[in-house]
Amino acid sequence: GAVVSQHPSWVICKSGTSVKIECRSLDFQATTMFWYRQFPKQSLMLMATSNEGSKATYEQGVEKDKFLINHASLTLSTLTVTSAHPEDSSFYICSAPETRGFDEQFFGPGTRLTVL
Amino acid sequence: DAKTTQPPSMDCAEGRAANLPCNHSTISGNEYVYWYRQIHSQGPQYIIHGLKNNETNEMASLIITEDRKSSTLILPHATLRDTAVYYCIARGGGNKLTFGTGTQLKVEL
């Protein structure tokens, strides 16, 4: 099946620093990728839709200047958490759809961000 | 996408069938029912989907009521590795997935 990877799998940073998370589709191309955030014991919340070659679309309430998304190629999307603060500590997950008769979403393994 | 309602938790004995219900009473005619699961601290995994017919694959079976207002995911022989949060999603056009609170399934010996 299709594989989506994320890097890093976990990161610890100091408050005020920026952190970049990569999402790659390893064996298929994805013009669209999705970024989710998940707090402990909660469900996944869609943050934004990453579009190759154009601006990302952010969900209501998500600060686009805080969470910078770049979809530089058909296999790579990056999420940069700028000036991270402890409340940004969360599990960040990306997904990409691949059409195989239907649009199945493949999810990355997630990135655990801890801001001290 | 239509709202879905699932019980917050269920227990199942290993080797027995796990039947996970989902209510989607406001589902529209073009919305599919998708099931995903998330094992602790991992990304979600696709299980199965259907429109109005019952579906079966190597992982599970999906039973959708005739009026499409509810469905049941069946894991025929649950194992400990099936312990996860199971999400039922009613999805129309586009690739966006809106996750509800899901059902935490605990499979026990």
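Up top is the structure these notes are about.
What comes next is a walk through the structure. Everything numeric in this text was worked out from a predicted model, so none of it was measured.

**A few points about the overall build of chain A**
In terms of regular secondary structure, chain A is built from zero helices and 11 strands. Counting helices and strands in the order they occur from the N terminus, chain A gives β-β-β-β-β-β-β-β-β-β-β. Taking 2.2 N^0.38 as the reference for a compact globule, 116 residues should give roughly 13 Å; the C-alpha atoms of chain A span a radius of gyration of 14 Å, in line with that estimate. A principal-axis box enclosing the C-alpha atoms of chain A has dimensions of 45 × 30 × 25 Å. Every one of the 116 residues in chain A was classed for burial, and the buried ones make up 52%. Considering only contacts within chain A whose residues lie at least 6 apart along the sequence, 53% involve residues at least 24 apart. Summing over all exposed atoms, chain A offers an accessible surface of approximately 5,700 Å²; the carbon and sulfur share of this is 52%.

**Some thoughts on the state of the cysteines**
Residues and elements named next belong to chain A. Counted under the stated rule, the structure contains two disulfides over all chains. Paired through a disulfide, C23 and C94 show a sulfur-sulfur distance of 2.0 Å. Judged by the torsion about the S-S bond (80°), the C23/C94 disulfide is right-handed. Taken together, the residues C23 in strand β3 (residues 19-25) and C94 in strand β9 (residues 90-99) connect sequence positions 71 residues apart.

**Topic: the sheet that holds strand β1 (residues 4-7) of chain A**
Adjacent strands of a sheet pair through backbone hydrogen bonds, lying either parallel or antiparallel. Residues and elements named next belong to chain A. Spatially, the four strands line up as an open sheet ordered β1-β3-β8-β7, and their pairing is antiparallel. Both edges of this open sheet fall to β1 and β7 (67-73), since each of them pairs with a single strand only. Here the strands of the sheet are splayed against their neighbours by 20° on average, with no regard to which way each runs. Of the strand pairs in this sheet, β7 and strand β8 (residues 76-81) are connected by five bridges, and their pairing is antiparallel. When the bridges of β8 are listed, I69 appears paired with L79.

**Focus: the nonpolar core**
Grouped together as the largest cluster of nonpolar side chains are 26 residues, with contacts concentrated most on V4(A), W35(A), F67(A), L79(A), Y92(A) and L113(A). Broken down by secondary-structure element, the contributors of at least two residues to this core are β2 (10-13), β3, β4 (32-38), β5 (45-51), β7, β8, β9 and β11 (111-115) of chain A. Core analysis: the next-biggest nonpolar cluster, separate from the first, contains 22 residues, A2(B), C22(B), I48(B) and L105(B) among them.

**Quick word on the interface of chain A and chain B**
Many analyses report the size of an interface as the accessible area lost when the parts associate. Counting residues at the interface gives 20 residues for chain A and 17 residues for chain B. The contact between chain A and chain B buries some 1,400 Å² in all, and 55% of this surface belongs to carbon and sulfur atoms. With a shortest N-O distance of 2.9 Å, K96(B) and E59(A) are connected by a salt bridge. The interface formed by chain A and chain B contains six residue pairs in polar contact (both at pLDDT 80 or more). Mapped by element, the contributors of at least two residues to the side of chain A that touches chain B are β4, β5, β9 and β10 (103-107) of chain A. Top element by residues in the side of chain A that touches chain B is β10(A). It accounts for four residues. Across the side of chain A that touches chain B, the residue classes tally to 10 nonpolar, six polar and four charged.

**Regarding the environment of S43(A)**
Turning to its location among the elements, S43(A) is positioned in the loop between β4 and β5. One polar contact links the side chain of S43(A) to the main-chain carbonyl oxygen of G100(B), over a distance of 2.4 Å.

**Quick look at the packing of aromatic side chains**
Counted by the stated rule, this structure contains 12 aromatic pairs over all chains. Taken together, a centroid distance of 6.1 Å and an interplanar angle of 55° make the contact between F28(A) and F106(A) tilted. Taken together, the residues F28(A) in the loop between β3 and β4 and F106(A) in strand β10 connect sequence positions 78 residues apart. Neither F28(A) nor F106(A) differs from the other in exposure class; each is buried. With a centroid separation of 5.8 Å and an interplanar angle of 45°, the aromatic rings of Y36(A) and F107(A) are classed as tilted. Note that Y36(A) is positioned in strand β4 and F107(A) in strand β10, a separation of 71 residues in sequence. The structure contains a cluster of three or more aromatic residues connected by ring pairs, namely Y36(A), F107(A), Y32(B), Y34(B), Y36(B), Y46(B), Y87(B) and F99(B). The side chain of R91(B) reaches across the aromatic face of Y34(B), ending 4.7 Å from its centre.

Rules used throughout
- Residues numbered from 1 in each chain as written.
- Chains lettered and ligands numbered in written order.
- Predicted model: local features only at pLDDT ≥ 70, side-chain atom pairs only at ≥ 80, totals over all residues.
- Heavy atoms only, no water.
- Helix = DSSP H or I, 4+ residues; strand = E, 2+ residues; numbered from the N terminus.
- Rg over C-alpha atoms; globule rule 2.2 N^0.38 Å.
- Buried < 20%, exposed > 50% of the residue type's maximum accessible area, 1.4 Å probe, protein only.
- Contact = heavy atoms within 4.5 Å.
- Areas by Shrake-Rupley, 256 points an atom, 1.4 Å probe, with all protein chains shown as cover.
- Disulfide = S-S within 2.5 Å.
- Pairing = 2+ DSSP bridges.
- Axes fitted to C-alpha atoms, helices over the stretch in contact; angles between N-to-C directions.
- Core = buried A, V, L, I, M, F, W, Y, C linked by side-chain atoms within 4.5 Å.
- Buried area = accessible area lost by both parts, 1.4 Å probe.
- Salt bridge = Lys/Arg side-chain N within 4 Å of Asp/Glu carboxyl O.
- Polar contact = N/O pair within 3.5 Å; in protein donor to acceptor, adjacent residues only side chain to side chain.
- Nonpolar A, V, L, I, M, F, W, Y, C, P; charged D, E, K, R; others polar.
- Phe/Tyr/Trp six-rings, centres within 6.5 Å; stacked < 30°, edge-to-face > 60°.
- Lys NZ or Arg CZ within 6 Å of the ring centre and 35° of its normal.

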